[in-house]
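Here is what each chain is made of, one letter per residue.
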Amino acid sequence: MSAQNEVSQRDLRMRSQEIMDAVERGESFTVTRDGRKIGELVPLRRPKRFVSREDFARASRNMPAIDADRFRADLDAAVDPYPTGPYEQAAR
């Protein structure tokens, strides 16, 4: 994280809109009271909504290969698709 601006509690109260707009733009602040650091205002990281093909390929490069038949067998072993029988389900 880059160096943070310091803002006193009083300045935060008096200039809250200006400071919050700066936080929204990506700036960070250390809040002080009587010259002591008491907190930080930092922007939230927003999750990416779109992942490019290149980013996906890079992230999945080291993933293990998936054996589709083994995966299906594991699912079937873990979950019974017909807990009361297929015909009883359809009648409900």
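Scroll up to find the structure this text is about.
In this text the structure is predicted, and so the values were computed from the model without any measurement.

Definitions and cut-offs
Residues numbered from 1 in each chain as written. Predicted model: local features only at pLDDT ≥ 70, side-chain atom pairs only at ≥ 80, totals over all residues. Heavy atoms only, no water. Helix = DSSP H or I, 4+ residues; strand = E, 2+ residues; numbered from the N terminus. Buried < 20%, exposed > 50% of the residue type's maximum accessible area, 1.4 Å probe, protein only. Contact = heavy atoms within 4.5 Å. Areas by Shrake-Rupley, 256 points an atom, 1.4 Å probe, with all protein chains shown as cover. Patch = residues over 30% accessible without salt bridge, like charges linked within 9 Å, V, L, I, M, F, W, Y side chains within 5 Å. Salt bridge = Lys/Arg side-chain N within 4 Å of Asp/Glu carboxyl O. Pairing = 2+ DSSP bridges. Core = buried A, V, L, I, M, F, W, Y, C linked by side-chain atoms within 4.5 Å. Arc of directions from axis to C-beta.

Caption draft 1: Representation of the overall build of the protein. On a plain count of helices and strands, the protein comes out with five helices and three strands. Counting helices and strands in the order they occur from the N terminus, the protein gives β-α-α-β-β-α-α-α. Buried positions account for 14% of the 92 residues belonging to the protein. Nonlocal contacts in the protein, meaning residues at least 24 apart in sequence, comprise 30% of its contacts between residues at least 6 apart. Roughly 8700 Å² of accessible area belongs to the protein as shown, and the carbon and sulfur atoms make up 52% of that amount.

Caption draft 2: How the structure looks around a nonpolar patch on the surface. Nonpolar side chains collect at one region of the surface, where I66, F71 and L75 lie side by side and expose about 330 Å² of accessible area between them. With respect to the helices and strands, L75 occurs in helix α4 (residues 68–78). According to the relative accessible area criterion, L75 is partly exposed, its value standing at 39%.

Caption draft 3: Quick peek at the pairing of strand β3 (residues 36–41). Pairing between strand β2 (residues 29–33) and β3: five bridges, direction antiparallel. Looking at β3, one finds that F29 is bridged to L41. Counted along the chain from β2 to the antiparallel partner β3, the turn is two residues long, and its residue D34 has a positive phi close to 55°.

Caption draft 4: Representation of the pairing of β2. Counting buried positions along β2 yields four of five residues, so the element is predominantly enclosed. Where strand β1 (residues 5–8) and β2 come together, four bridges link them in parallel fashion. Counterpart to N5 in the pairing with β2 is F29.

Caption draft 5: Representation of the nonpolar core within the structure. With eight residues, the main nonpolar core is built from V7, L12, I19, A22, V23, F29, V31 and L41. Looking at this core, the element that brings in the most residues is helix α2 (residues 16–24), giving three residues. Aside from chain neighbours lying at most four places away, what touches L41 is L12, I19, M20, V23, E27, S28, F29 and V31.

Caption draft 6: A look at α2. Within α2 the residues assigned to the buried category are I19, A22 and V23. In an axial view of α2, the angular spread of the buried residues amounts to 100°, which keeps them on one side of the axis. α2 presents Q17 and E24 as exposed residues on the side facing more than 90 degrees away from its buried surface. Among the structural elements, β1, α1 (9–14), β2 and β3 are those in contact with the buried residues of α2. Once α2 finishes, G26 follows within two positions and takes phi at roughly 110°, a positive value.

Keep in mind that these numbers describe shape and distance, not what the molecule does.
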